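Each chain, written out:
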Amino acid sequence: FPVDPLVGPELSRVISCIGSVVKRHGGLIEMGIAGALKASDRFIVLTNVALPVTKGAVQLLDARNSDEDLANIRLLADSEAEGIVNLDLVVVDLEASWAGTYEIKRGNGTTEHGKRQPIVRKLRAARLVLASYVRKLGYGPIESVTSAVIDYFGGSGFKAEFTLTRDQLDAHFGVPV
């Protein structure tokens, strides 16, 4: 552990260890949620998914369409791509013809405004191509899609309509998480 000259070797070690635990806790939350959903035998669960964002999706978002306007739009995932977004979790319920994509935040402190906006934008873009992407993987057809930030401790600062806290997960997925 590097020694911080301000606090000395003993506290430097303690601070470094605590920082390491906090950083790993986010990954453990992701693994726990994914594991609980897989264990239910109801869902197909994909983690760390690289999803293409099409030019059409970017144009629709740049035109500042509302979530209500975008809700019924489905774009082909294999259209010309503008880029790729990495998503923490994609969950598919074949019986319900539903898929959802999620970013998972520990949420014990506010995520900076400048970091929240791109996260919401990538989830909105992913929602537009998610049904096609999932169908391409052989898990379709998908009739409805959702996306949200799973804000585990509830303090990340995302808008409530785009957020699930740990207390809402069981009801959202319909299984114990």
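Since the model is a prediction, treat every value here as computed from it, not as a measurement.

Digging into the nonpolar core
In terms of nonpolar packing, the biggest core is built from 31 residues, with Leu51 and Val90 touching the most fellow members. At the level of elements, β1 (44-54), α2 (55-62), β2 (81-93), α4 (113-136) and β4 (144-151) are the ones that each hand at least two residues to this core. With eleven residues, the top contributor of residues to this core is α4. Look past the residues within four positions of Leu51 in its chain and what remains in contact with it is Gly83, Ile84, Val85, Leu87, Ala126, Val129, Leu130 and Tyr133. Counting 17 residues, the second-largest nonpolar core is a separate cluster that includes Leu37, Phe43, Val45 and Ile150.

A few points about the packing of aromatic side chains
Under the counting rule described, the total for this entry stands at five aromatic pairs. Note on Phe43 and Trp98: the rings are 6.3 Å apart at their centroids and 65 degrees apart in plane angle, and the pair reads as edge-to-face. Taken as a pair, Phe43 in the loop between α1 (8-39) and β1 and Trp98 in strand β3 (residues 98-105) lie far apart in primary sequence, 55 residues in all. The class of Phe43 is buried, set by a relative accessible area of 9%. Arranged with centres 6.4 Å apart and planes meeting at 70 degrees, the rings of Trp98 and Phe173 form a pair that is edge-to-face. Remark: Phe173 occurs in helix α5 (residues 169-173) and Trp98 occurs in strand β3; sequence separation between them is 75 residues.

The rules behind each value
Residues numbered from 1 in each chain as written. Predicted model: local features only at pLDDT ≥ 70, side-chain atom pairs only at ≥ 80, totals over all residues. Heavy atoms only, no water. Core = buried A, V, L, I, M, F, W, Y, C linked by side-chain atoms within 4.5 Å. Buried < 20%, exposed > 50% of the residue type's maximum accessible area, 1.4 Å probe, protein only. Helix = DSSP H or I, 4+ residues; strand = E, 2+ residues; numbered from the N terminus. Contact = heavy atoms within 4.5 Å. Phe/Tyr/Trp six-rings, centres within 6.5 Å; stacked < 30°, edge-to-face > 60°.

Function-wise, these values are silent; they only describe arrangement.
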